Amino acid sequence: MFLKYDVIVVGAGHAGCEAAAAAANLGSKVLLITMNMQTIAQMSCNPAMGGIAKGQIVREIDAMGGYSGIVSDKSMIQFRMLNRSKGPAMWSPRSQNDRMLFASTWREMLEQTPNVDFYQDMVNSLIIKDGVVCGVVTGLGHEISANAVVVTSGTFLNGVIHIGEKRFGGGRVAEKAATGITEQLVSVGFESDRLKTGTPPRIDGRSLDYTQMEEQKGDEQIVGFSFLDTPKPSQQRSCWITYTNSTVHDILKTGFDRSPMYTGRIEGVGPRYCPSIEDKINRFAERERHQLFIEPEGWNTVEIYVNGFSTSLPEEVQYAALAQVPGFQNVRIFRPGYAIEYDYFPPTQLKHSLETKMLDNLFFAGQINGTTGYEEAACQGLMAGINAHQKINHLEPVILKRSEAYIGVLIDDLINKGTEEPYRMFTSRAEFRTLLRQDNADLRLTELSYKIGLASAERMQNTLRRQSGVEHTKHLLSSLSLEPEESANYLLEKNSAPLLQKQKAAQVLLRPNIDLLSMRNAIPSLAHSLEDIDTDVLEQTEIQIKYDVYIGKEKELVEKMAQLENLLIPENFNYDRLSSLSNEALQKFKKIKPRTLGQASRISGVNPSDVQILMVYMGR
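Worth saying up front: this structure is predicted, and the values here are computed from it rather than measured. (Residues numbered from 1 in each chain as written. Predicted model: local features only at pLDDT ≥ 70, side-chain atom pairs only at ≥ 80, totals over all residues. Heavy atoms only, no water.)

Draft legend 1. Quick look at helix α9 (residues 374-392). With 19 residues, α9 should reach 27 Å at 1.5 Å per residue; the first-to-last C-alpha distance of 27 Å fits that figure. The buried fraction of α9 amounts to 18 of the 19 residues, a majority that puts the element mostly inside the structure. Just past α9, the residue His 394 takes up positive phi, approximately 55°. (Helix = DSSP H or I, 4+ residues; strand = E, 2+ residues; numbered from the N terminus. Expected span 1.5 Å × (residues − 1). Buried < 20%, exposed > 50% of the residue type's maximum accessible area, 1.4 Å probe, protein only.)

Encoded structure:
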């Protein structure tokens, strides 16, 4: 009945979909197994993509030839570029999406991808022979062979849902949990643990009074995520902001004695940076109110997502508290909020390729590795799909450096530091964030992906065209002199001192409050020279000129760090011979088995002196 596949992907969430697409587009024959064909790429939590640091990840996925950026653009109902008031390293794209359209667009793109087959069933166990994973066994008893398996199980592994004192098995509401895989892997020596996440109530938007809330509109100019020319919406839906208050908090507290979080029924650790509402009022007792974002679920639905009100309190407490929120006096709930607890495997058990150290040809991606968020899952899926294909074709793994991508930062953090709570990406986690901007993801990653055969020729041509456009514009600005007379009015309007003599346009651009687009529109000689140049090329040119010094400093730092990254540690290195190492460093080195001195230096608990000992012993 079943062919032998090159790659089997278990689970069709954001990680599974990217893994299947990446492996298939590289040429592998892929089987995507999901427990429910109707929930492929479902947005289980809020209907949004991107945000701070997460938006950079979506753009990186797109630059590599993944699908998340295209799907997000095609299904968005609102777009905002966050942090515009800060420097470009902090700019982060975010979209509000139509939940149903997002999932159907993903499924359509997968169905149009040659080499992807689908099958609806639960995977109960893996087929393991001599330390190599070579297929799966399903709930219906089918043994399906494959050269590599990528497990992207999300919150389904032994998932348990909590609403107040009610508790039942499930990977999402109304969907059963997945069993068997954890038990099997633990029996062969893997370490597993439990994490928790939560979701807020879903509300009938017709029952809300928006006049009591602040409107939050989308940007006039929609930049989007994809570097391809994707369709953008001609209109946008607004989101709204309202706040909790002391009455809401007092009502929520009445349910604490029945909360699974406080009665000990939930063992898993929840996300620090996306806490439940009960956690917020407990941890931040001094705050009189908390912000709630009221987010529509799509173009043609009245369903509303209450971002900031994640909870597992009893239903009647959720309802009573919500009814005291401004605009919610007549609220009707479609579905209560709930918490979900699930198994994950601490990611220090993985190589940088996302292949497990213990079993060959087995890859993990997404929440199974302890991360939270669609974007973090999707980028791991992309890399696991790429590396599963590379491994079975005896090719080198594709490993992104910390200086190349947020994806590289995320995977390096997981492998070296592990995580005991759901890991979320922030710009502050990246030491080279001036280099890792959302605007230059294609310039950083498309060529690398094109060389392995994933990014298309169209993407590569677009990137080369943009690159040459930026270089051409930089040359123009550094050679074109502006006359004092033609620039005087513009500079005065911008509260900038008029020129006393001719000055190069690139020099004028370095001044505060000056931007290239307004310069072009106001100064005749510039308008003539730059009239045919695209807006995104102008923006990229401006960033490179204005931040040239900072970019240069970070590149120098990257080169210094690269010296450690290039010093390889033999795979069978015997750390026990290094009697001067601290006990913690010895344990961590033996457990994680770092590939390079650079990786060794980033392991949590390892001191600079431990790295120096290692360097000396290796003859450096």
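Once the structure has been displayed, the description carries forward.
Draft legend 2. The sheet that holds strand β17 (residues 303-307), seen in detail. Across the sheet, 6 strands lie side by side as β14-β15-β16-β17-β13-β18; this open sheet has antiparallel pairing. Of all the strands in the sheet, the pair left with one neighbour each is β14 (214-216) and β18 (333-335). Neighbouring strand axes in the sheet, compared pairwise and without regard to direction, differ in orientation by 35° on average. Here β14 runs beside strand β15 (residues 239-243); their pairing, made up of 3 bridges, is antiparallel. For Glu 215, the partnering residue across the bridge sits in β15 and is Trp 240. (Pairing = 2+ DSSP bridges. Axes fitted to C-alpha atoms, helices over the stretch in contact; angles between N-to-C directions.)

Draft legend 3. Expanded view of the side chain of Thr 371. Mapping Thr 371 onto the fold places it in the loop between β20 (362-364) and α9. Of the polar contacts made by the side chain of Thr 371, one reaches the backbone oxygen of Gly 366; its length is 3.2 Å. In this structure the side chain of Thr 371 is engaged in a polar contact, spanning 3.0 Å, whose partner is the side chain of Gln 380. Each residue touching Thr 371, except ones within four places of it in the same chain, is listed here: Tyr 342, Gly 366, Glu 376, Gln 380, Leu 414 and Tyr 423. (Polar contact = N/O pair within 3.5 Å; in protein donor to acceptor, adjacent residues only side chain to side chain. Contact = heavy atoms within 4.5 Å.)

Draft legend 4. Here's a closer look at the environment of Gly 408. Summarising the element assignment, Gly 408 is placed in helix α10 (residues 406-417). Gly 408 gets classed as buried once you look at its relative accessible area, which sits at 4%. In this structure, the C-alpha to C-alpha distance between Gly 408 and Met 35, residues 373 residues apart in sequence, is 30 Å. With residues near it in sequence (within four places) discarded, Gly 408 still touches Leu 400, Lys 401 and Arg 402.

Draft legend 5. Layout of the packing of aromatic side chains. Taken as a whole, this structure holds 11 aromatic pairs when the rule is applied. With 6.0 Å between their ring centres and 85° between their planes, Phe 190 and Phe 345 make a pair best called edge-to-face. You can see Phe 190 sitting in the loop between α5 (181-187) and β12 (193-199) and its partner Phe 345 sitting in the loop between β19 (338-344) and β20, a full 155 residues away along the chain. The buried category is assigned to Phe 190, whose relative accessible area is 4%. Grouping aromatic residues by their ring pairs yields a cluster made of Phe 573, Tyr 575, Phe 589 and Tyr 617. Arg 59 extends its terminal NZ or CZ atom over the ring of Phe 227, reaching a point 4.0 Å from the ring centre. One residue, Arg 287, lies across the ring of Phe 284, its end atom 4.9 Å from the ring centre. (Phe/Tyr/Trp six-rings, centres within 6.5 Å; stacked < 30°, edge-to-face > 60°. Lys NZ or Arg CZ within 6 Å of the ring centre and 35° of its normal.)

Shape is all these values report; function is a separate question.
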